Amino acid sequence: MHMKVQPVLHKTFIIKPTMNCNLRCRYCFEFHKNGNFYDNHSLSIDDTERLVSKTADLFPKSRILWLLHGGEPFLCGASFLRRFLSAVRFARDTKGVDFQIAVQTNGTLLTDECVALLQDNADLLSGRVVSISIDGPQPINDLVRVSTDGRSSFTKVMDGIKRIQNSSLKFSTISVIGSHNIDHPKEVYGFMKSIQAR
């Protein structure tokens, strides 16, 4: 009699709790293509918890990185984050899986509560790193990364970065290279270095 061997996964699963976003970056294809379609469409935390649990049941001993992405994932608030972290921890502690999380955010909604939750669960956070989208210093960033009403997002992003800097966590940055910053590599690099981005 042959035992059925369950596959062991080494994967990244991207969780998009919402495709909505509080920014309207001028190069983002989502809202140019889909308009306000995403306003009332989100992934429920109940479904997310079931997904994490079922994945652990189906693929024991697997190593999976759950990447919170969007849209802007923190539009779903600290309550979503708290339950998501609890589901990942429960699966890891009880089902023999190596689950970690990662976060990609525009940084504008990184509240004290969200940072505290991530800090309290830093052992789940891959490299203890939060990835924040920013395209350079304010004059460059504000050419393209603006709020829904067209205003600057820079101060709110920097507020989120400062909260991370004042915690035990680290942050990295992700930048879109385009016509707004391609001719300013020294300014962009100098800015990233000045904020101690990884």
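Worth saying up front: this structure is predicted, and the values here are computed from it rather than measured. (Residues numbered from 1 in each chain as written. Predicted model: local features only at pLDDT ≥ 70, side-chain atom pairs only at ≥ 80, totals over all residues. Heavy atoms only, no water.)

A. The layout of surface pockets, seen in detail. Of the volumes computed, that of the largest pocket is approximately 530 Å³. Forming the walls of the largest pocket are 23 residues, and the residues nearest its centre are Cys-28, His-69, Gly-71, Ser-133 and Arg-145. Of all elements in the fold, only helix 1 (29–34) and strand 3 (98–105) reach the threshold of two or more residues within the lining of the largest pocket. With three residues, the single largest contributor to the lining of the largest pocket is helix 1. Per-class residue counts for the lining of the largest pocket are 10 nonpolar, eight polar and five charged. (1 Å grid on protein atoms, 1.4 Å probe; cavity = no way out; pocket = protein on both sides within 12 Å on 5 of 7 lines; lining within 4 Å. Points joined across faces, edges and corners; volume = space filled by probe spheres on them. Helix = DSSP H or I, 4+ residues; strand = E, 2+ residues; numbered from the N terminus. Nonpolar A, V, L, I, M, F, W, Y, C, P; charged D, E, K, R; others polar.)

B. Structural context of the sheet that holds strand 2 (residues 63–68). Taken together, the five strands give an open sheet; going across it, the order is 1-2-3-4-5, and neighbouring strands pair in parallel fashion. On the outer flanks of this sheet lie strand 1 (10–15) and strand 5 (170–174), each paired with one strand and no other. Pairwise comparison of adjacent strand axes, ignoring direction, gives a mean angle of 25° for this sheet. Contacts between helix 6 (residues 154–165) and the sheet are confined to strand 4 (129–133) and strand 5, with strand 4 contributing the most and set at about 165° to the helix. (Pairing = 2+ DSSP bridges. Axes fitted to C-alpha atoms, helices over the stretch in contact; angles between N-to-C directions. Contact = heavy atoms within 4.5 Å.)

C. Representation of unusual backbone geometry in the model. For the bond from Gly-70 to Gly-71, the omega torsion is 10°, close enough to zero to count as cis. With respect to the element layout, Gly-71 can be found in the loop between strand 2 and helix 3 (77–94). Residue Arg-128 is not a glycine yet carries a positive backbone phi of 60°. Tracing the backbone shows Arg-128 in the loop between helix 4 (112–120) and strand 4. Even without being a glycine, Gln-196 presents a positive backbone phi close to 60°. By the element assignment, Gln-196 lies in the segment after helix 7 (185–194).

Keep in mind these values describe shape, not function.
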